[in-house]
Amino acid sequence: QVQLVESGGGLVQAGGSLKLSCAASGRTFSSSAMGWFRQAPGKEREFVAAIRWSGGSTYYQDFVKGRFTISRDNAKNTVYLQMNSLQPEDTAVYYCASCTYCTRFYRANEYTYWGQGTQVTVSS
């Protein structure tokens, strides 16, 4: 089992920034990569970004447009999502997830463990 706990969400005005954190615990040795997904009300879950624990290779969804940066601290078993220039369209519940063997990082069904999510609300 891998437990994931997100934090750092909140309310921010358009143009502002937030940094999300996801702390992993349990059998973290089984995790090869971490991903961030988001789901807005009435919309389907979508991929945001992913990062490998080893090497730190990153992958981003197109809508990020250079605004978001995913990073990790292996010593702390924590992954981060720095979000800049936030827009109302970014409003969603953000989830972190762990995958063991996945290579298609944009596919949610390749992730085994999920956090509870953290709400991000961007006002105009």
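Peer 1: Looking at this structure, how should I read the state of the cysteines?
Peer 2: When the sulfur atoms of two cysteines share a covalent bond, that bond is a disulfide. Within the structure shown, the criterion is met by 2 disulfides. Each sulfur of the disulfide joining Cys22 and Cys96 lies 1.9 Å from the other. When the S-S torsion is 55°, as for the bridge of Cys22 with Cys96, the disulfide is right-handed. Here the residue Cys22 occupies a position in strand β3 (residues 18-26), and Cys96 occupies one in strand β9 (residues 92-99), the gap between them amounting to 74 residues. Here Cys22 matches Cys96 in class, with each residue buried. Cysteine pairing for the protein chain (bonded cysteines numbered in sequence order): 1-2, 3-4.

Reading the values: rules and limits
Residues numbered from 1 in each chain as written. Predicted model: local features only at pLDDT ≥ 70, side-chain atom pairs only at ≥ 80, totals over all residues. Heavy atoms only, no water. Disulfide = S-S within 2.5 Å. Helix = DSSP H or I, 4+ residues; strand = E, 2+ residues; numbered from the N terminus. Buried < 20%, exposed > 50% of the residue type's maximum accessible area, 1.4 Å probe, protein only.

The values reported here are purely geometric and, on their own, carry no functional implication.
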